[in-house]
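Each chain is listed here by its residues.
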Amino acid sequence: MPRWLSFGSGHKLRLANTLAFSMNFIYSAIWVFLLTSQAWSSPQNWDESVVDSQNHLEAAIESGVGPGISVAVGYGDHVIWAAGFGFADLKAEKLVHTDTLFRVGSVSKTLTASALMRLRENQEVDIDLPASFYLRDFPEKEWSFTTRQLATHVAGIRHYRGKEFYLNEPFASMAESVSIFKDDPLLFEPGTSYKYSTYGWTLLSAVMEGATGKEYLEIMQAEVFDPLSLDSTFPDKVEVKRPLRTSFYKKGENGFVSAPAVNNSYKWAGGGFLSTPSDLVRFALAHLSPGYLSAESLSVMFKNQAIASGETVGCGIGWKVGRRRSIGQWVGHSGGSVGGKTMLVLIPSKQIAVAVTLNNTEGPAQQLAFDVAAIFAEAVPAAPTKPEAETQRPQPVAR
């Protein structure tokens, strides 16, 4: 029996008229077969996980969480499933596909963090020097702060105020972007408290420019996008036409309406990129083991940072750090944008990465990503147990 979906005032479409929902399932199943047949020659069968996740996300679309959802899941070193649901553009009845570009918001911080660590490995940036060492025009504050403190939200730089989240004017450089907040006092003595700050990452991008003599976006291309072949990740430049970019929405009184127009050029590093879940998953999987970054860089980046009191703050350098009963220890980041929500989750113990994007400002990307992550993590074979003789071997006492 046909079911009705309501997308905004007076805009009703029969599910039977959007056969791409079913085609997405068929396409996804074929793609899963092709991808998993190449992945490590692994016997792992993901069919049940795909079906369960597919049903869960289709139900989410029908419940009205967003015009569109895109998802990707990776295992080991491959994307094993990707799919799109719902609409990228309601008026044009354009469906979401796996190559549809979404605003990824603060997931941009994870991308920037990897570029920072690459510069650190090349000895171009010392993250424990005062950030002022690399900043020419940033006013002196009551206290000094380091680049590491900027990257872990403990430097005291403020976050958005008023309508700043909805800025819609072009900023031609990081120097122009920093001018928004550069004359404001620090919120606290660096290292003594935690305050999430996207502007801290705008200032961090200025540090990267000062250290290298290169523009931030040039650094990102050379250190992240090119080495990892992230061919569907771009700065969200409003002046650049990208046919694959979704339209952006928010909840209105009678359904979804267009989100306000914004220009994210003031915050590339902390919230300004477009991407696909597949690109984000490939990016995350590159951080499962040393290679793209050194073992030491991975350890530093994923370490849960602490303030002076000893209290940990729940994040490393650009990555949130947490634990959930359903998946265990995870790292990743959420992303909130005007017209979009994103969540990237990496589960090192399971070698699983999940990314979910929505084109709705209020979309529940974080919960959906954790739900899908739990479904796939449950399917990962348990690590082989050690022989009895080895498990009974006396272990050294930690001191």
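In this text, all values refer to a predicted model and were calculated from it rather than measured experimentally.

Undergrad: Whenever I open this one, the overall build of the protein confuses me. Can you help?
TA: Across its full length, the protein holds 12 helices and 14 strands. The buried share among the 399 residues of the protein stands at 54%. Contacts in the protein between residues far apart in sequence, at least 24 positions, make up 70% of those at least 6 positions apart. Accessible surface computed for the protein: about 18,300 Å², of which carbon and sulfur atoms make up 51%.

Undergrad: Just checking my understanding: could you explain the pattern of salt bridges for this structure?
TA: Any two side chains of opposite charge can pair if their charged atoms end up close together. Per the stated rule, a full pass over the model turns up 9 salt bridges. Residues arginine 103 and aspartate 236 are paired through a salt bridge, measuring 2.7 Å at the closest nitrogen-oxygen approach. Of this pair, arginine 103 sits in strand β6 (residues 102-103) while aspartate 236 sits in the loop between β7 (234-235) and β8 (249-252), placing them 133 residues apart in sequence. The pair formed by arginine 103 and aspartate 236 is uniform in burial state, with each residue classed as buried. The salt bridge partner of glutamate 223 is arginine 118, with a shortest N-O separation of 3.0 Å. Within this pair, whereas glutamate 223 is found in helix α7 (residues 216-225), its partner arginine 118 is found in helix α3 (residues 108-121), the two being separated by 105 residues in sequence. Accessibility classification places glutamate 223 together with arginine 118 in one group, the buried group.

Undergrad: Can you help me understand the sheet that holds β7 in this one?
TA: Sheets are built from strands paired through backbone hydrogen bonds, the pairs being either parallel or antiparallel. Across the sheet, 3 strands lie side by side as β6-β10-β7; this open sheet has antiparallel pairing. Of all strands in the sheet, those bounded by a partner on one side alone are β6 and β7. Two elements, β6 and strand β10 (residues 273-275), share 2 bridges in a ladder whose sense is antiparallel. Along β10, the bridge assignment pairs phenylalanine 102 with serine 275.

Undergrad: Before we go on, may I ask you to explain the packing of α3 against α7 in this structure?
TA: One can describe the packing of α3 onto α7 by two numbers: an axis separation of 9 Å at closest approach and a directional angle of 85 degrees. As the angle between them shows, α3 and α7 are arranged roughly perpendicular. Packed against α3, whose contacting residues are Leu111, Thr112, Ser114, Ala115, Arg118 and Leu119, the element α7 presents Tyr216, Ile219, Met220, Ala222, Glu223, Val224 and Phe225 at the interface. Classifying every residue of the contact of α3 with α7 gives 9 nonpolar, 2 polar and 2 charged.

Undergrad: Just to check I follow, could you spell out the sheet that holds strand β5 (residues 94-95) for this structure?
TA: If you trace the 7 strands from one edge of the open sheet to the other, you get β5-β4-β3-β14-β13-β12-β11, paired in antiparallel fashion. Since the sheet does not close on itself, it has two edges, and those belong to β5 and β11 (320-324), each with one partner. Judged from the 7 bridges that link them, strand β12 (residues 328-337) and strand β13 (residues 340-347) form a sheet pairing that is antiparallel. Across the sheet, serine 337 pairs through a bridge with glycine 340, a residue of β13.

Undergrad: Could you clarify how one ought to interpret the environment of valine 345 in this entry?
TA: Residue position: valine 345 is located in strand β13. With relative accessibility at 1%, the residue valine 345 sits in the buried group. Sequence spacing of valine 345 and alanine 369 is 24 residues, and the spatial spacing of their C-alpha atoms is 7.1 Å. For valine 345, the contacting residues outside a window of four places in its chain are Ile327, Trp330, Val331, Ile352, Ala353, Val354, Ala369 and Phe370.

Undergrad: How should I be thinking about the layout of surface pockets in this particular structure?
TA: In this approach the atoms are scanned with a rolling probe the size of a water molecule, which exposes any empty space left behind. For the largest pocket, the calculated volume is near 630 Å³. Along the wall of the largest pocket there are 26 residues; nearest its centre are Ser173, Met174, Ala175, Ala206 and Glu209. Taken together, the residues of the lining of the largest pocket break down into 14 nonpolar, 5 polar and 7 charged.

Undergrad: Please explain the side chain of threonine 100 as it appears in this structure.
TA: Within the secondary structure, threonine 100 sits in the loop between β5 and β6. The exposure class of threonine 100 is buried, given its relative accessible area of 5%. Of note is the side chain of threonine 100, whose polar atom sits 2.9 Å from the backbone nitrogen of histidine 97. Aside from chain neighbours lying at most four places away, what touches threonine 100 is Ala88, Leu95, Leu244, Thr246, Ser275 and Thr276.

Undergrad: Where do I start with the confidence of the model for the protein in this structure?
TA: Parts of the model with low pLDDT should not have their predicted coordinates read in detail. Averaged over all residues, the pLDDT of the protein equals 88, while 85% of them reach at least 70. Segment residues 1-42 is flagged for pLDDT under 50; beyond a separation of four residues in sequence, or across chains, it makes 68 contacts in the model.

Undergrad: Would you mind going over the packing of helix α2 (residues 47-62) against helix α11 (residues 365-379) with me for this structure?
TA: In a packed pair of helices, the relevant descriptors are the angle between the two axes and the axis-to-axis distance. Running from N to C, α2 and α11 point in directions that differ by 165 degrees, and their axes come no closer than 9 Å. Classed by the angle they form, the pair α2 and α11 counts as roughly antiparallel. When the axes of α2 and α11 are compared, the crossing they make is right-handed. In this structure, α2 uses Ser49, Val50, Asp52, Ser53, His56, Leu57 and Ala60 to contact α11, whose residues at the interface are Leu368, Asp371, Val372, Ile375, Phe376 and Ala379. Looking at side-chain class alone, the contact of α2 with α11 contains 8 nonpolar, 3 polar and 2 charged residues.

Undergrad: So what exactly am I meant to see when it comes to the nonpolar core here?
TA: Side chains of nonpolar character tend, in soluble globular proteins, to be buried together. Core analysis: the largest hydrophobic core is formed by 66 residues, its most contacted members being Phe145, Leu150, Ile157, Leu203, Val224, Met301 and Ile317. Broken down by element, this core gets its largest block of residues, 7 residues, from helix α6 (residues 198-212). Not counting residues within four places of it along the chain, the set of residues in contact with phenylalanine 145 comprises Leu129, Pro130, Ala131, Phe138, Leu150, Ala155, Ile157, Leu186, Pro190 and Leu203. By size, the runner-up hydrophobic cluster in this structure holds 33 residues, among which are Ile61, Ile327, Val372 and Ala377.

About the thresholds
Residues numbered from 1 in each chain as written. Predicted model: local features only at pLDDT ≥ 70, side-chain atom pairs only at ≥ 80, totals over all residues. Heavy atoms only, no water. Helix = DSSP H or I, 4+ residues; strand = E, 2+ residues; numbered from the N terminus. Buried < 20%, exposed > 50% of the residue type's maximum accessible area, 1.4 Å probe, protein only. Contact = heavy atoms within 4.5 Å. Areas by Shrake-Rupley, 256 points an atom, 1.4 Å probe, with all protein chains shown as cover. Salt bridge = Lys/Arg side-chain N within 4 Å of Asp/Glu carboxyl O. Pairing = 2+ DSSP bridges. Axes fitted to C-alpha atoms, helices over the stretch in contact; angles between N-to-C directions. Parallel < 35°, antiparallel > 145°, perpendicular 65-115°, else oblique. Nonpolar A, V, L, I, M, F, W, Y, C, P; charged D, E, K, R; others polar. 1 Å grid on protein atoms, 1.4 Å probe; cavity = no way out; pocket = protein on both sides within 12 Å on 5 of 7 lines; lining within 4 Å. Points joined across faces, edges and corners; volume = space filled by probe spheres on them. Polar contact = N/O pair within 3.5 Å; in protein donor to acceptor, adjacent residues only side chain to side chain. pLDDT = per-residue confidence, 0-100. Left-handed = near helix turned anticlockwise from the far one by under 90°. Core = buried A, V, L, I, M, F, W, Y, C linked by side-chain atoms within 4.5 Å.

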